[in-house]
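# Chain and residue survey
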Amino acid sequence: GVPVHANGWYVGDTDANGAVVATNIASYYDNFISFGGGALPLDYRFDAAETVISPPARSGTRVEFAVRRQRALTGVLVERHDGAVAPLEFREIELARDGRTLAGFTARRGEFWFDDVEPGRYRLRLRDSMPCEADVVVPDEAGPMTDVGRVVCERPGR
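None of the values given here were measured: they were computed from a predicted structure.

Attention now moves to the overall build of the chain. Helices and strands together make up the secondary structure of the chain, namely 0 helices and 14 strands. Of the regular secondary structure in the chain, the N- to C-terminal order runs β-β-β-β-β-β-β-β-β-β-β-β-β-β. Against the 2.2 N^0.38 benchmark of 15 Å for 158 residues, the chain shows a C-alpha radius of gyration of 22 Å, more extended than a compact globule. When the backbone C-alpha atoms are referred to their principal axes, the chain occupies close to 75 × 25 × 25 Å.

Structure follows, in structure tokens:
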């Protein structure tokens, strides 16, 4: 149900598969294809809502826009020291899974935020002179924003 335009003219709304056919395309000339990003729910992201194509005569051109569901992960990073729990404030951190690493930081009171997180098990690491690590799980049924709550970062040897 997302509106699509070709050269400023309304072509139609996408179907359940996200497809629509535009027939008002000129051969050998620049054709501006765009979609109404405002019609998407807020938990979807895209880099561009317009592209330009110049198809040859009597041909078809498939245009794809990279639209994906946005998932964010938030929580509070703390460490346990001598029986007390203290937030890890203003620290560089990284979230790793399957060879992919997302860089981030903690804010006041240890809060952290990561964008573009898929469901699965991650390793959260503090990038510090005294590193620590914690496991974080994003459930399959995760919504647009998943709060993992308090994450205790364990230092090796403690």
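Non-glycine residue phenylalanine 90 carries a positive phi angle of around 55°. Within the secondary structure, phenylalanine 90 is located in the loop between strand 8 (84–87) and strand 9 (92–97). Of the residues examined, phenylalanine 90 reaches a relative accessible area of 53% and is grouped as exposed. Even without a glycine there, the phi angle at arginine 109 is positive, about 70°. Counting through the fold element by element, arginine 109 comes out in the loop between strand 10 (100–105) and strand 11 (111–114).

Time to look at the pairing of strand 7 (residues 72–81). Most of strand 7 is tucked away: 7 of the 10 residues are buried. As paired elements, strand 7 and strand 14 (residues 145–152) share 6 bridges and run parallel to each other. Bridge assignment links leucine 73 to a residue of strand 14, and that residue is threonine 146. In this sheet, strand 11 lies alongside strand 7 in antiparallel orientation, the contact comprising 4 bridges. From the neighbouring strand, valine 76 faces strand 11, where its bridge partner is glutamate 111. Sheet topology note: the strand 7/strand 8 ladder contains 4 bridges and is antiparallel. Directly across from glutamate 79, in strand 8, lies its bridge partner alanine 86. Remark: 2 residues form the turn of the hairpin made by strand 7 and strand 8, two consecutive strands paired antiparallel; aspartate 82 in that turn has positive phi of roughly 55°.

Analysis parameters
Residues numbered from 1 in each chain as written. Predicted model: local features only at pLDDT ≥ 70, side-chain atom pairs only at ≥ 80, totals over all residues. Heavy atoms only, no water. Helix = DSSP H or I, 4+ residues; strand = E, 2+ residues; numbered from the N terminus. Rg over C-alpha atoms; globule rule 2.2 N^0.38 Å. Buried < 20%, exposed > 50% of the residue type's maximum accessible area, 1.4 Å probe, protein only. Pairing = 2+ DSSP bridges.

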